[in-house]
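Below, each chain spelled out in residue letters.
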Amino acid sequence: MRGTEGWTAMGGDTALVLGGGGLTGIGWECGILYGLARAGVDLTTADLVVGTSAGSVVGAQLTSGRLSVQELYERQLGDATGEHVAKLGAGVIARYAVAMARSRNATVYRQRVGAMALAADTGAEAQRREVLAARLVSHEWPERRFVVTAVDALTGEPADFDRDSGAGLVDAVSASCAVPGVWPPVTVGGRRFIDGGVRSATNADLAAGHERVVIIAPISLGSGLVPSPAAQAARLREAGARVLLITPSAAARKVFGRNVLDPARRDPAARAGLAQAAEHVAEAAEVWSDGAAR
């Protein structure tokens with residue numbers, strides 16, 4: 001486990017970055033991935049996959065080798081009756097805003113959000129872990145380079161987990177998905193961690209050093225001390241990478257609705273992603289192709 005500040009990518013040419021965005025984000029990302037693959041652009045060949053929150057769930061399944069992108073997409077479809085419905089309520093969002101307004105820098109902001117998460121009554125950590133464990137098709141780290149992002153709830157320092165970090169895959173994904181004020185912080189190695197999206201919706205800077213990068217970001221905005229996916233994409237381009245940033249269309253955002261944590265929205269979000277993928281085939285092929293001109 002290492003802090004993400006100053007982290008440098010090692011080896012490989014291509015990187016796929018999967019951002020956070022709740023259950024609708026999971027569905028939409030799977031739709032985008034399947035739609036692109038069906039059109040001949042297979043992003044599963046990436047040398048590096050970076051997953052944040054929802055993206056860590058998708059990334060873990062994608063790199064497991066046990067599911068095709070079609071199967072991954074089809075897992076998002078169907079009746080969600082019986083699944084737990086959570087909500088990122090106005091009160092929690094307001095506390096994020098207050099923490100932002102009172103913080104002099106990004107680390108202090110993350111510390112404030114971490115303190116809020118540690119103090120919140122959000123249920124048992126073990127029960128939440130069981131939910132994430134059931135969502136994954138494999139509990140072992142893949143051979144493919146896969147990085148899962150989180151934030152130390154006490155210090156506010158960002159962290160990344162991979163197969164060499166000492167953290168189990170289920171624990172890493174659970175930490176990355178620990179939305180402050182909604183789900184409990186997750187214990188890894190005696191430390192408590194919260195959602196990697198507290199630092200960035202995509203943490204796309206972890207793809208630095210790769211020549212070709214595709215960022216799939218269900219959340220397109222940043223806010224003050226949290227860099228937007230567009231800002232991170234711009235920095236990668238400035239460093240010489242070919243970068244494609246895919247964010248939800250107006251139609252997809254409408255389907256997401258007001259609660260991205262509602263399981264009933266996952267199916268329509270996946271279908272919206274599949275439909276939207278057609279809009280990005282040409283540019284994705286240009287970025288992902290070895291012979292594309294810069």
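Residues numbered from 1 in each chain as written. Predicted model: local features only at pLDDT ≥ 70, side-chain atom pairs only at ≥ 80, totals over all residues. Heavy atoms only, no water.

Looking up the chain in an unreviewed UniProt entry gives the name Patatin-like phospholipase family protein, with the organism given as Streptomyces caledonius.

Engineer: I keep staring at the side chain of S200 and nothing clicks. Help me out?
Structural biologist: Along the chain, S200 turns up in the loop between β6 (191-195) and β7 (212-216). Note on S200: relative accessible area 0%, which makes it buried. Once you skip the residues sitting within four places of it in the chain, S200 turns out to touch T52, V226, P227 and Q232. (Helix = DSSP H or I, 4+ residues; strand = E, 2+ residues; numbered from the N terminus. Buried < 20%, exposed > 50% of the residue type's maximum accessible area, 1.4 Å probe, protein only. Contact = heavy atoms within 4.5 Å.)

Engineer: Help me out: how do you make sense of the confidence of the model for the chain in this one?
Structural biologist: Close inspection of predicted coordinates is inappropriate in any region flagged by low pLDDT. The pLDDT averaged across the chain works out to 92; a share of 94% of its residues lies at or above 70. Contacts of residues 1-11 to residues separated by more than four positions or lying in other chains number 32 contacts, the stretch itself having pLDDT below 50. (pLDDT = per-residue confidence, 0-100.)

Engineer: Even after reading the chapter, I still don't get the pairing of β7, so can you show me in this structure?
Structural biologist: Every other side chain in a regular strand lies on the same face of the sheet, so the side chains alternate between the two faces. In terms of burial, β7 is a largely internal element, five of the five residues being buried. The two faces of β7 match: R212, V214 and I216 on one face and V213 and I215 on the other face are all buried. Bridge count between strand β1 (residues 14-18) and β7: five bridges; the pairing is parallel. Bridged to L16 within β7 is V214. (Pairing = 2+ DSSP bridges.)

Engineer: Any chance you could explain the pairing of β1 here in plain terms?
Structural biologist: Summarising burial for β1: five of the five residues are buried, a large majority. Across four bridges, the pairing between β1 and strand β2 (residues 48-51) is parallel. Within the sheet, the bridge partner assigned to L18 lies in β2 and is G51. Tracing the backbone out of β1, into helix α1 (residues 22-38) and back to the parallel element β2 gives a crossover that is right-handed. (Right-handed = clockwise from strand over helix to strand, strands pointing away.)

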